[in-house]
Amino acid sequence: SHELRTPLAQILLYSETLALDRVRGDDAKRAAAQRIVDEARRLIETVSNVVGLTRPDAPALAVTAVAPVIESAITRVRALSDARAKVVVSASGALRVRLGESALLQALTNVLDNALKFGSATQTVVVSAERDGEMVRISVEDEGPGIPHALRDRVWTRYFRADGASDTGGAGIGLWIVRDIVVRAGGRVCAEEASGAGSTVCNTLRP
């Protein structure tokens, strides 16, 4: 599955770096090893979500700072994206949401991965986080082909793939996982037109 490739790519990258002795200093080596552990744990969580092995009644009520998780998600998707694509972030460091860090990271990674996968190699993706009334809205705006109005509800269903998506990797579960995470945390998801060409996918969560 395409959704498994990002953590696997990170594990391979850091493992090869350590194996080839390209990391200098004990602190850097420990950091690389910890990255492998973190990505392996994320891989286990993804597999569990996909096959339904673990499904708690409600997500953890931890409160997580949004800005650092956005940066972590960008770092992860860069492993498989075209380096020419530009990602711009507009987020207040003070914004927090009522969702565990690992769950928020998985949701943002899936949305960003889609944005980079379906947009052009030279596009600019804008990630923003802002207050939306009593909630916090996290949006990812791309310059891809956009999502037709008739499909904006269907993109959140499991295994759904729009016409033309066969040219890209994926099994049609990325946004389904996002919706599952966000809705079970008391939030909501949406797909809208971008300000220019492309689409905007947003996750709105409780602070």
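Residues numbered from 1 in each chain as written. Predicted model: local features only at pLDDT ≥ 70, side-chain atom pairs only at ≥ 80, totals over all residues. Heavy atoms only, no water.

**Let's talk about the pattern of salt bridges**
Within the structure shown, the criterion is met by nine salt bridges. Across the pair Lys29 and Asp21 runs a salt bridge whose closest N-O atoms are separated by 3.9 Å. The exposure class of Lys29 is partly exposed, given its relative accessible area of 34%. (Salt bridge = Lys/Arg side-chain N within 4 Å of Asp/Glu carboxyl O. Buried < 20%, exposed > 50% of the residue type's maximum accessible area, 1.4 Å probe, protein only.)

**Regarding unusual backbone geometry**
At Asp21, a residue that is not glycine, the phi angle is positive and equals roughly 55 degrees. Checked against the element boundaries, Asp21 lands in the loop between α1 (5–19) and α2 (26–51). Classification of Asp21 as partly exposed rests on a relative accessible area of 41%. (Helix = DSSP H or I, 4+ residues; strand = E, 2+ residues; numbered from the N terminus.)

**Quick notes on the sheet that holds strand β6 (residues 188–193)**
Strand order in the open sheet formed by five strands is β2-β4-β5-β7-β6, with mixed pairing between adjacent strands. Each having just a single partner strand, β2 (86–91) and β6 make up the two edges of the open sheet. Within this sheet the neighbouring strands show an average axis-to-axis angle of 15 degrees, counted without direction. (Pairing = 2+ DSSP bridges. Axes fitted to C-alpha atoms, helices over the stretch in contact; angles between N-to-C directions.)

**Focus on the confidence of the model for the chain**
The predicted model of the chain has a mean per-residue pLDDT of 83, with 83% of residues at 70 or higher. Every residue in residues 164–169 scores below 50 in pLDDT, and together they form eight contacts with partners more than four places removed in sequence or on other chains. (pLDDT = per-residue confidence, 0-100. Contact = heavy atoms within 4.5 Å.)

**Some thoughts on helix α5 (residues 174–184)**
With respect to burial, α5 is a largely interior element, eight of its eleven residues being buried. Regarding α5, the residues found buried are Gly174, Leu175, Trp176, Ile177, Val178, Asp180, Ile181 and Val182. Downstream of α5 by a residue or two, Gly186 has a phi angle that is positive, lying close to 90 degrees.

**Some thoughts on the state of the cysteines**
By definition, a disulfide links the sulfur atoms of two cysteine residues through a covalent bond. A full pass over the atoms with the stated rule returns one disulfide. The side chain of Cys190 participates in a disulfide bridge whose partner is Cys202; the two sulfur atoms lie 1.8 Å from each other. Judged by the torsion about the S-S bond (90 degrees), the Cys190/Cys202 disulfide is right-handed. A residue pair is termed long-range when its members are at least 10 positions apart, and Cys190 in strand β6 and Cys202 in strand β7 (residues 199–205) qualify at twelve residues. Assigned by exposure class, Cys190 and Cys202 land together as buried. (Disulfide = S-S within 2.5 Å.)

**Examining the environment of Cys202**
Given a relative accessible area of 0%, Cys202 falls into the buried group. For the pair Cys202 and Leu108, spaced 94 residues apart in sequence, the C-alpha to C-alpha distance is 9.6 Å. Every residue in contact with Cys202, bar those within four places of it in the chain, is listed here: Arg137, Ile138, Ser139, Arg188, Val189, Cys190 and Glu192.

**Here's the deal with the packing of helix α4 (residues 101–118) against α5**
Following both chains from N to C, one finds α4 and α5 inclined at 145 degrees, their axes separated by 9 Å at the closest point. Relative to α5, the crossing made by α4 is left-handed. Here Ala103, Gln106, Ala107, Asn110, Val111 and Asn114 of α4 lie close against α5, whose contacting residues are Gly174, Leu175, Ile177, Val178 and Ile181. Counted by class, the contact of α4 with α5 contains seven nonpolar, four polar and no charged residues. (Left-handed = near helix turned anticlockwise from the far one by under 90°. Nonpolar A, V, L, I, M, F, W, Y, C, P; charged D, E, K, R; others polar.)

**Some points on the pairing of strand β5 (residues 135–141)**
Burial runs high along β5: six of the seven residues are buried. Summarising the sheet, strand β4 (residues 124–132) and β5 pair through seven bridges and their orientation is antiparallel. Across the sheet, the residue bridging to Val127 is Val140, located in β5. Between β4 and the antiparallel strand that follows it, β5, lie two residues; Gly133 among them carries a positive phi value of about 65 degrees. Two elements, β5 and β7, share six bridges in a ladder whose sense is antiparallel. Considered in β7, the bridge of Ser139 is made with Cys202.

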